[in-house]
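Structural overview
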Amino acid sequence: MRRVRREVPTHVCRGVHGADGGDFRAARPDPTGSGTAVTQNIIGLVLAVAIAVYLIAALLFPERF
């Protein structure tokens, strides 16, 4: 039986083009931005924990709610 040898592709995503022609974008002067995304994530985390505590308390003590 004869084995057929396949060539390994040099680029896995052949035909898919990068947004900048395949090059990396230059770093922004302030890569962290103004911090609004971090603040929004912290507020969301606090709200999620508060809701989780409320729901657990409502399950444990249904007569109080």
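Note: the structure precedes this text.
For clarity, every value in this text was computed on a predicted model and none was experimentally measured.

Parameters at a glance
Residues numbered from 1 in each chain as written. Predicted model: local features only at pLDDT ≥ 70, side-chain atom pairs only at ≥ 80, totals over all residues. Heavy atoms only, no water. Helix = DSSP H or I, 4+ residues; strand = E, 2+ residues; numbered from the N terminus. Buried < 20%, exposed > 50% of the residue type's maximum accessible area, 1.4 Å probe, protein only. Areas by Shrake-Rupley, 256 points an atom, 1.4 Å probe, with all protein chains shown as cover. Phe/Tyr/Trp six-rings, centres within 6.5 Å; stacked < 30°, edge-to-face > 60°. Lys NZ or Arg CZ within 6 Å of the ring centre and 35° of its normal. Patch = residues over 30% accessible without salt bridge, like charges linked within 9 Å, V, L, I, M, F, W, Y side chains within 5 Å. Salt bridge = Lys/Arg side-chain N within 4 Å of Asp/Glu carboxyl O.

Attention now moves to the overall build of the protein. Scanning the protein from N- to C-terminus turns up 1 helix and 0 strands. Expressed as a percentage of the 65 residues in the protein, the buried residues total 0%. Accessible surface, the protein: about 7,100 Å² in total, of which carbon and sulfur atoms supply 62%.

How two aromatic rings sit relative to each other is set out by the distance from centre to centre and by the angle between their planes. Applying the stated criterion to the full structure yields 0 aromatic pairs. Its guanidinium or amino end placed over the ring of F61, R64 lies 5.2 Å from that ring's centre, counting from NZ or CZ.

The subject of this paragraph is a nonpolar patch on the surface. Among the surface-exposed residues, I51, Y54, L55, I56, L60, F61 and F65 lie close enough to one another that they form a single nonpolar patch of about 750 Å² accessible area. Summarising the element assignment, L60 is placed in helix α1 (residues 36–60).

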